[in-house]
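Each chain, written out:
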Amino acid sequence: MELFSALDPKLQPLDASALEQTRDAFARFDDIAAFNQRKVLGAFIKNKISAELFAGSTGYGYGDRGRDTLDRLFADIAGAEDALCRAQFMSGTHAITVALYGLLRPGDTLLCVTGQPYDTLLPVIGIGGSSNGSLLDFGVVYQQIELLGGAPDLAAIERQAEHAAIVYVQRSRGYTNRRALSLEDIAAIADAAKSANPNALVVVDNCYGEFTQKKEPTEAGADLMMGSLLKNPGGGIAETGGYIAGRADLVERCAERLTAPGVGREIGSWPGGLRNLYLGLYLAPGIVAQALKTAAYAAALLPALGFPADPIFDAERNDIITSIEMGDPDALVALCRAIQAFSPIDSFAAPEPAEMPGYDEPVVMASGSFTNGSSIELSCDAPMRAPYTAYMQGGLSFEASRFALLGAAQHLLEAGFAAL
Ligand SMILES: *Cc1c(COP(=O)(O)O)cnc(C)c1O
């Protein structure tokens with residue numbers, strides 16, 4: 001096979017076996033992508049998207065129809081009453097932060113029911129006692145319920161939701177070794193929370209979860225969800241942005257926090273134009289399928305070299321992340337460097353662990369991406385902590401990701417971190 005003219009032919013049976021093992025999973029991903037693509041196309045047609053909407057705007061951005069229509073389009077795709085889907089969100093962390101500050105008031109309790117939240121949210125909440133304007137500084141009480149064997153602890157949620165303003169759910173594993181939550185899990189959390197306290201708001205960090213299933217959390221009991229356009233719903237095309245989607249009254253409160261009370265969603269220009277946000281959203285279902293195929297293939301290939309992967313190759317998936325236990329800091333850095341070396345952009349760079357804003361340990365990141373930090377593109381990163389687990393995600397093209405993973409496998413063999 002030509003693929004192996006650049007690679008050790010000894011890898012060929014591993015590749016063949018990984019493709020064979022993932023055949024059923026690939027068929028499932030294609031089915032989900034087809035369903036979601038039809039939903040996305042339907043929303044484009046319903047909202048009468050036309051090229052004038054891509055123009056962008058200047059100054060205050062009053063009456064920017066492209067911006068307002070993108071909000072509406074995203075709401076329809078998410079099966080939500082309303083949404084903000086905007087370039088003015090700088091990242092997923094920013095979208096989540098706007099939602100939390102938009103909804104919470106002094107004395108309220110934020111109850112996270114999926115264990116410790118994603119690293120960059122710890123300073124937002126004030127976990128660890130930060131005082132840079134964290135929620136803690138504003139008198140928001142934080143409580144946390146651990147997952148029970150990877151599943152939500154519904155009894156504890158029912159007990160504690162009574163006093164909670166927000167029941168907060170992180171769908172994806174993030175940088176932890178646990179499974180992503182299914183939509184059934186989210187529905188069960190919402191039922192438990194609402195039966196104890198009908199006023200509790202179920203708010204979901206949906207980063208990496210979009211389009212991995214046929215529904216979104218807002219169609220499974222969540223009042224609000226947030227995410228990043230540098231991940232799944234940006235389709236690898238959006239250069240920046242994030243979203244908040246859900247109940248109309250809650251989205252309105254978030255809009256007041258995104259800009260300023262009073263002006264809310266009416267302002268915000270984007271002179272660069274919105275074509276890429278529309279195009280990325282249109283392509284996202286197919287791109288997420290490429291990422292899911294990459295994930296399943298990695299979970300079949302890397303265990304054959306002695307590196308356990310989670311979720312396993314044929315698992316149901318609710319996010320695009322695969323964790324790979326490298327067991328050793330040098331092997332972890334070697335994997336990240338190999339992925340970088342087989343990336344389309346910055347293939348010549350050698351990632352080094354480094355301090356990152358928002359993270360406690362040094363983080364090593366392979367991201368040879370067209371968009372800075374985009375992790376719907378093939379990327380592999382890890383905080384430098386035992387058991388030295390690499391978190392791999394993305395892949396705009398399964399074919400390119402397959403080649404990169406085989407290249408990484410070869411590098412790990414040659415460097416003596418693995419043997420056949
Ligand atoms: C990526 C991520 C975030 C934060 O998004 P950024 O765009 O990196 O700020 C939050 N939660 C989870 C689960 C994530 O994966």
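Given the structure is predicted, the values throughout are model-derived calculations rather than measurements.

Rules and cut-offs
Residues numbered from 1 in each chain as written. Predicted model: local features only at pLDDT ≥ 70, side-chain atom pairs only at ≥ 80, totals over all residues. Heavy atoms only, no water. Helix = DSSP H or I, 4+ residues; strand = E, 2+ residues; numbered from the N terminus. Rg over C-alpha atoms; globule rule 2.2 N^0.38 Å. Buried < 20%, exposed > 50% of the residue type's maximum accessible area, 1.4 Å probe, protein only. Contact = heavy atoms within 4.5 Å. 1 Å grid on protein atoms, 1.4 Å probe; cavity = no way out; pocket = protein on both sides within 12 Å on 5 of 7 lines; lining within 4 Å. Points joined across faces, edges and corners; volume = space filled by probe spheres on them. Salt bridge = Lys/Arg side-chain N within 4 Å of Asp/Glu carboxyl O. Near = heavy atom within 4 Å. Polar contact = N/O pair within 3.5 Å; in protein donor to acceptor, adjacent residues only side chain to side chain. Areas by Shrake-Rupley, 256 points an atom, 1.4 Å probe, with all protein chains shown as cover. Sits in = over half its atoms within 2 Å of the grid points. Core = buried A, V, L, I, M, F, W, Y, C linked by side-chain atoms within 4.5 Å. Expected span 1.5 Å × (residues − 1). Bend = angle between axes of the 7 residues up to and from the residue. Pairing = 2+ DSSP bridges. Phe/Tyr/Trp six-rings, centres within 6.5 Å; stacked < 30°, edge-to-face > 60°.

A. How the structure looks around the overall build of the protein chain. The helix and strand tally for the protein chain stands at 11 helices and 12 strands. For 420 residues, the compact-globule formula gives about 22 Å, and the C-alpha radius of gyration of the protein chain, at 21 Å, lands near that figure. With the C-alpha coordinates of the protein chain rotated into their principal frame, the extents come out at 65 × 50 × 40 Å. A burial count over the protein chain gives 58% of its 420 residues as buried. A separation threshold of at least 6 residues defines the contact pool for the protein chain, and within that pool the share at least 24 residues apart is 69%.

B. Summary view of the layout of surface pockets. Of the voids in this model, the largest pocket is the one considered here, and its volume is about 610 Å³. In this structure, the largest pocket is lined by 30 residues; those nearest its centre are Tyr-118, Lys-231, Tyr-359, Gly-373 and Ser-375. Listed by contribution, the elements that provide at least two residues to the lining of the largest pocket are helix H4 (92-103), strand E10 (363-367), strand E11 (379-383) and strand E12 (389-393). It is H4 that contributes the most residues to the lining of the largest pocket, 3 residues altogether. For the second largest pocket, the calculated volume is near 340 Å³.

C. Spotlight on the pattern of salt bridges. A full pass over the atoms with the stated rule returns 24 salt bridges. Across the salt bridge formed by Glu-20 and Arg-23, the nearest N and O atoms sit 2.3 Å from each other. A salt bridge links Asp-249 to Arg-247; the shortest N-O distance between them is 2.8 Å. With a relative accessible area of 30%, Arg-247 lands in the partly exposed category.

D. Main features of the site of the ligand. Surveying the vicinity of the ligand reveals the residues Ser-91, Gly-92, Thr-93, Ile-96, Tyr-118, Gln-170, Asp-205, Cys-207, Tyr-208, Ser-228 and Lys-231. Contacts to the ligand include Ser-91, whose side-chain N or O atom sits 3.4 Å from an oxygen atom. When the ligand is considered free in solution it has 380 Å² of accessible area, and contact with the protein chains removes 90% of it. Taken atom by atom, the bulk of the ligand overlaps the largest pocket. No other element matches the 3 residues that H4 contributes to the shell around the ligand.

E. Summary view of the nonpolar core. Ranked by internal contacts, the top residues of the largest apolar core, which has 134 residues, are Tyr-168, Leu-224 and Met-392. Per-element accounting of this core gives the leading share, 14 residues, to helix H9 (residues 275-301). Dropping the residues within four chain positions of it, Leu-224 is found in contact with Ala-99, Leu-103, Val-202, Val-203, Val-204, Ile-244, Ala-245, Gly-246, Arg-247, Leu-250, Val-251 and Cys-254.

F. Structural view of H9. An ideal rise of 1.5 Å per residue puts 39 Å on 27 residues; H9 measures up with 37 Å between its terminal C-alpha atoms. At Ala-284, H9 shows its maximal kink, close to 55°; a proline, Pro-285, follows between one and four residues later.

G. Quick peek at the pairing of strand E4 (residues 166-170). Counting buried positions along E4 gives 5 out of 5 residues, so the element sits mostly inside the fold. Neither face of E4 is open: one carries Ile-166, Tyr-168 and Gln-170, the other Val-167 and Val-169, and all of them are buried. Strand direction decides the pairing type here: strand E2 (residues 109-112) and E4, joined by 3 bridges, are parallel. From the neighbouring strand, Leu-110 faces E4, where its bridge partner is Ile-166.

H. Fine view of empty space enclosed by the protein. According to the stated counting rule, one finds 1 cavity of 30 Å³ or more in the structure shown. Put simply, the largest cavity is a space of about 30 Å³. Lining the largest cavity are Phe-74, Ile-77, Ala-78, Glu-210, Phe-211, Glu-216 and Met-225.

I. Broad picture of the packing of aromatic side chains. Counted according to the given criterion, the structure contains 12 aromatic pairs. Taking the centre distance of 5.5 Å and the plane angle of 70° together, the rings of Phe-44 and Tyr-282 count as edge-to-face. Of this pair, Phe-44 sits in helix H2 (residues 23-46) while Tyr-282 sits in helix H9, and the two are 238 residues apart along the sequence. Residue Phe-44 is classed as buried on the basis of its relative accessible area, which comes to 13%. Seen from their ring centres, Phe-74 and Tyr-243 are 4.4 Å apart, and the 35° between their planes marks the pair as tilted. Placement of the pair is Phe-74 in helix H3 (residues 65-77) and Tyr-243 in strand E7 (residues 242-246), with a sequence separation of 169 residues. The class for Phe-74 is buried, based on a relative accessible area of 4%. What makes Tyr-243 buried here is its relative accessible area of 0%. Taken together through their ring pairs, the aromatic side chains of Phe-26, Phe-29, Tyr-297 and Phe-398 make up a single cluster.

J. Structural context of the pairing of strand E1 (residues 82-86). In terms of residue burial, E1 counts as a mostly covered element, since 5 of its 5 residues are buried. Because side chains alternate across E1, one face comprises the buried residues Asp-82, Leu-84 and Arg-86, and the other comprises Ala-83 and Cys-85, equally buried. Bridge count between E1 and E7: 5 bridges; the pairing is antiparallel. Across the sheet, residue Leu-84 finds its bridge partner in E7, namely Ile-244.

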